[in-house]
Amino acid sequence: MVNIKPSPRPVICFRPIRPSDLGILVKIHTDLFPIRYESEFFQNVVNGRDIVSWAAVDRNQPDGQSDVLIGFVTARIVLAKESEVGDMLSYDPLKSDQTLVYILTLGVVEAYRNLGIASSLIREVIKYASSVPTCRAVYLHVISYNNPAIHLYNKMSFRCVRRLQGFYLINGQHYDSYLFVYYVNGGRSPCSPLEIAMAVLRCMRNAFKAMSARLWRNEDRKLKWPKSRESRCLVSTTQSRRNLTAECTGCECV
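Residues numbered from 1 in each chain as written. Predicted model: local features only at pLDDT ≥ 70, side-chain atom pairs only at ≥ 80, totals over all residues. Heavy atoms only, no water.

Asks: Can you break down the pattern of salt bridges residue by residue, with the values?
Replies: Applying the stated criterion to the full structure yields six salt bridges. Across the pair Lys127 and Glu124 runs a salt bridge, and its minimum N-O distance is 3.8 Å. Here Glu124 and Lys127 lie together in helix α3 (residues 117-131), a separation of three residues that amounts to about one turn. Classification of Glu124 by relative accessible area gives buried; the value is 18%. Beyond isolated ion pairs, a larger network of salt bridges with shared partners links Arg15, Arg18, Asp21, Arg59 and Asp67. (Salt bridge = Lys/Arg side-chain N within 4 Å of Asp/Glu carboxyl O. Helix = DSSP H or I, 4+ residues; strand = E, 2+ residues; numbered from the N terminus. Buried < 20%, exposed > 50% of the residue type's maximum accessible area, 1.4 Å probe, protein only.)

The structure is reproduced here in structure tokens:
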């Protein structure tokens with residue numbers, strides 16, 4: 001277990017994870033997560049092979065410890081069309097270069113929790129994703145019983161878009177997972193609440209216009225019909241005077 005005592009006044013800084021962090025990175029993952037990660041994963045993290053990462057360190061620690069990891073986040077860029085959230089994202093499928101950032105792991109040692117470090121690490125990921133022009137969202141999975149993490153992502157405006165049954169297999173037992181998404185660079189859900197509300201308003205407006213036009217046409221017919229009958233009476237030359245008078249009188253009554 002990692003045993004790091006917090007300094008009286010922590011000065012938290014962030015930097016990329018480096019090869020020298022390998023040992024402590026493995027220890028923190030072992031302490032925090034029930035899932036065991038392969039050594040290849042850690043090698044990819046510390047060497048930056050297809051994985052971006054940020055380390056949190058306390059610069060106010062005594063000499064020799066001021067650069068020791070107290071928290072971290074790791075992430076990977078994936079193609080939007082190949083991701084499991086492709087159907088939850090409104091994007092142009094013809095643009096094959098559109099991407100997402102998937103958060104792989106996030107953790108803070110126990111002694112440094114409740115200092116906003118996890119939130120700051122997530123903001124680093126969001127800032128990075130926003131700087132990638134082709135990126136449309138940040139997404140991740142959270143095991144269903146991790147209430148502190150669920151609360152954190154909700155607080156940071158991530159959207160829980162799906163519950164995945166039996167996503168995790170830990171010690172022979174299946175656990176559900178929640179899928180969270182944070183949209184960036186104009187990325188959005190294909191059916192956001194605002195879009196639904198706007199669609200309803202458009203339908204109501206179009207229906208009102210159609211009804212108004214129909215009523216106007218009906219009123220217009222009522223007004224023009226007697227004029228048409230009266231004109232026809234006045235220009236009629238084949239009818240007898242008696243019939244002409246009777247027909248015109250009827251028009252006046254209408």
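Asks: Residues and numbers for unusual backbone geometry, please.
Replies: Of note, Asp50 is a non-glycine position whose phi angle comes to about 65°, a positive value. Positionally, Asp50 belongs in the loop between α2 (39-46) and β2 (52-58). Within the chain, Asn185 stands out as a residue other than glycine whose phi angle is a positive 50°. Note on placement: Asn185 falls in the loop between β7 (173-183) and α5 (193-235). Classification of Asn185 by relative accessible area gives partly exposed; the value is 34%.

Asks: Kindly report on the packing of helix α1 (residues 22-32) against α2, identifying the contributing residues and their values.
Replies: Any two packed helices are characterised by the angle at which their axes cross and by the distance between the axes. Where α1 contacts α2, the axes come no closer than 10 Å and their chain directions differ by 130°. Here α2 runs oblique to α1, going by the angle between their axes. You can see that α1 and α2 cross each other, and the crossing is right-handed. Residue-level contacts link Leu22, Leu25, Val26 and His29 of α1 to Phe41, Phe42, Gln43, Val45 and Val46 of α2. (Axes fitted to C-alpha atoms, helices over the stretch in contact; angles between N-to-C directions. Parallel < 35°, antiparallel > 145°, perpendicular 65-115°, else oblique. Left-handed = near helix turned anticlockwise from the far one by under 90°. Contact = heavy atoms within 4.5 Å.)

Asks: Residue-level account of the packing of aromatic side chains, with values.
Replies: Counted by the stated rule, this structure contains 12 aromatic pairs. Summarising the aromatic geometry, the rings of Tyr153 and Phe158 are spaced 5.2 Å apart at their centres and angled 70° between planes, so their arrangement reads as edge-to-face. Residue classification places Tyr153 among the buried positions, given a relative accessible area of 5%. A centroid spacing of 5.8 Å and a plane angle of 35° characterise the contact between Tyr153 and Phe180, whose relative ring orientation is tilted. Residue Tyr153 is found in helix α4 (residues 147-155), and its partner Phe180 is found in strand β7; the two are separated by 27 residues along the sequence. When its relative accessible area of 1% is taken as the criterion, Phe180 is described as buried. Among the aromatic residues, ring-to-ring pairing joins Phe33, Tyr37, Phe41, Phe42 and Phe72 into one connected group. (Phe/Tyr/Trp six-rings, centres within 6.5 Å; stacked < 30°, edge-to-face > 60°.)

Asks: Talk me through the packing of α3 against α4; I want residue IDs and the actual numbers.
Replies: One way to put it is that α3 packs onto α4 with a least axis distance of 11 Å and a crossing angle of 50°. Between α3 and α4, the angle is such that the two are oblique. The handedness of the crossing between α3 and α4 comes out as right-handed. In this structure, α3 contributes Ala118, Ser119 and Ile122 to the contact, and α4 contributes Leu152, Tyr153 and Lys155. Among the residues forming the contact of α3 with α4, the class breakdown is four nonpolar, one polar and one charged. (Nonpolar A, V, L, I, M, F, W, Y, C, P; charged D, E, K, R; others polar.)

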